[in-house]
Amino acid sequence: MIELYYGSGACSLVPHVGLEAIRAATGEAFEPRPLKLHKGEQRSPEYLELNPLGLVPLLVVDGKPLSQILAICDYLDRRYPQAGLLPADPWQRAQAMSTFAWMNNTVHPTFTHIFRSQNFAAGEAAQAEVRQIAQGMFRGHLERIQGMTEKAAPFLLGEKLSFIDAYALVFLRWGGLAGIDPASLPTYKAYVDRLAAVPAVAAAIAREGIKLDTYQKK
Ligand SMILES: N[C@@H](CCC(=O)N[C@@H](CS)C(=O)NCC(=O)O)C(=O)O
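An account of the accompanying structure is given in this report. Since the structure is predicted, the reported quantities are computational estimates derived from the model, not experimental observations.

About the criteria used
Per chain, residues are indexed from 1 in the order of the written sequence. Where totals are concerned, whole chains, interfaces and linings use all residues; where local detail is concerned, this predicted model gives features only for residues with pLDDT of at least 70, and gives and counts side-chain atom pairs only at 80 or more. Going along the chain from the N terminus, every DSSP run of H or I of four or more residues is numbered as a helix, and every run of E of two or more is numbered as a strand. Helix span, expected: 1.5 Å multiplied by one less than the number of residues in the helix. Residues with at least 20 neighbouring C-beta atoms inside 10 Å of their own are called buried, those with 12 or fewer are called exposed, and the rest are partly exposed, where every C-beta is derived from the backbone. We call two residues in contact whenever the C-beta atoms placed from their backbones are within 7 Å. Lines fitted to the C-alpha atoms define the axes, with helices restricted to the stretch that makes contact. Angles between their N-to-C directions range from 0 to 180 degrees. Oblique is the label for any angle not covered by the other classes, which are roughly parallel (under 35 degrees), roughly antiparallel (over 145) and roughly perpendicular (65 to 115). Crossings are sorted by hand: turned counterclockwise from the far helix by less than a right angle, the near helix makes the crossing left-handed, and turned clockwise it makes it right-handed. Fitting axes to the seven residues that end at a residue and to the seven that start at it, the angle between those axes gives the bend at that residue.

For the peptide bond that leads from Val56 to Pro57, omega is 0 degrees, which places it in the cis range. Inspection of the secondary structure assignment puts Pro57 in the loop between α2 (45-50) and β3 (58-61). At the junction of Ala153 and Pro154, the peptide bond is cis and its omega measures out at -10 degrees in the coordinates. Note on placement: Pro154 falls in the loop between α5 (124-149) and α6 (163-177). Even without a glycine there, the phi angle at Asp62 is positive, about 50 degrees. Position of Asp62 relative to the elements: it lies in the loop between β3 and β4 (64-67). One non-glycine residue, Gln68, adopts positive backbone phi at about 80 degrees. If you trace the backbone, Gln68 turns up in the loop between β4 and α3 (69-79).

Between its terminal C-alpha atoms helix α1 (residues 13-26) stretches 20 Å, which fits the 20 Å expected from 14 residues at 1.5 Å a residue. Looking at α1, one finds that the buried residues are Leu13, Val14, Pro15, His16, Val17, Gly18, Leu19, Glu20, Ala21 and Ile22. Turning to α1, the residues buried within the fold contact β1 (2-6), β3, α3, α6 and α8 (199-208). Gly27, located one to two residues past α1, shows a positive phi value of around 85 degrees.

With that settled, the discussion passes to the packing of α1 against α6. Interaxial distance between α1 and α6 falls to 8 Å at its minimum, and their mutual angle equals 135 degrees. Between α1 and α6, the interaxial angle falls into the category oblique. For α1 against α6, the interelement crossing comes out right-handed. For the pair α1 and α6, the contacting residues are Leu13, Val14, Val17 and Gly18 in the first and Phe163, Ala166, Tyr167 and Val170 in the second.

Here helix α4 (residues 90-115) spans 36 Å end to end across 26 residues, near enough to the 38 Å set by a 1.5 Å rise per residue. Of all the bends in α4, the greatest measures close to 35 degrees and is centred on Met103. Three or more residues of α4 are buried, namely Ala96, Phe100, Met103, Val107, Thr110, Phe111, His113 and Ile114. Here the buried face of α4 lies against α3, α5 and α6.

Any functional reading would require information beyond the geometric quantities listed.
Okay, here's the thing in C-alpha cells:
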C-alpha cells in the first residue's frame, strides 16, 4: 500500500500530482493522508515518529516512510515508469533532475524566507527586510521558469507531464501569496491554467481544495 502525507497547497502537491498520474496510467491507487499544517499536525508525536523532520511530503510504502520530494519522485518514477513522469534517457533524465533539484534547493527555500521570515531574523524590521529581499529573488526565479514555459510543448519536458510541471504550478501559486501578480507573468500563467486542466493535476487540486489564484491586490 502507498500512502501520501500532504498539506493543502504545500510542495507535497508535486508527488500528489504524480500519484494521480500513476493512477491514471496504471490503475495503482494510493491513500491520501492530509495534514493540517496551519494547525501543526506535522509536529504531532504520531507523525514525528513516521517523519522526525516534521515536514510533508511523506510517502509511506507498505509501512515504510520515505521523505524528500526528489527521493519520493525518483522512487515513484522508477517503480512506475509507464507513467512517464521523468525521462528514461540518461542524459534527458539528468537534465530534468538538474531543473528539479534547482526548484527544490533554490526556488523552494527562497519562498520559505518569505513565508517563514521569523525563522531567519529576529524582530519585525529585520524580518520585513528578509521578506523583501527574498521576494525579489523569488520573482527572479519565477521569471526564469516563465522562460522555460515559453518553450513548453505543451509541458516543460515536452509531450509528457512531469513532476517539474507540478512544482512550477506550486511556485506560481505561492508567488500570489508573496504578493507577485500572476498576470505579470502571462506566459507562465497561461501554462499553469492549461496544466490545471490536465485530469491528474485537476484531481490533486480538487482533493487539496485549493484555488490557483492566490494573489490579492493591496
Ligand atoms: N526538502 C524538503 C522540503 C519539505 C518542506 O519544506 N515541506 C514544507 C511544506 S512546502 C512543510 O512541511 N512545512 C511544515 C513546517 O515547516 O512546519 C522536501 O523536498 O521534501
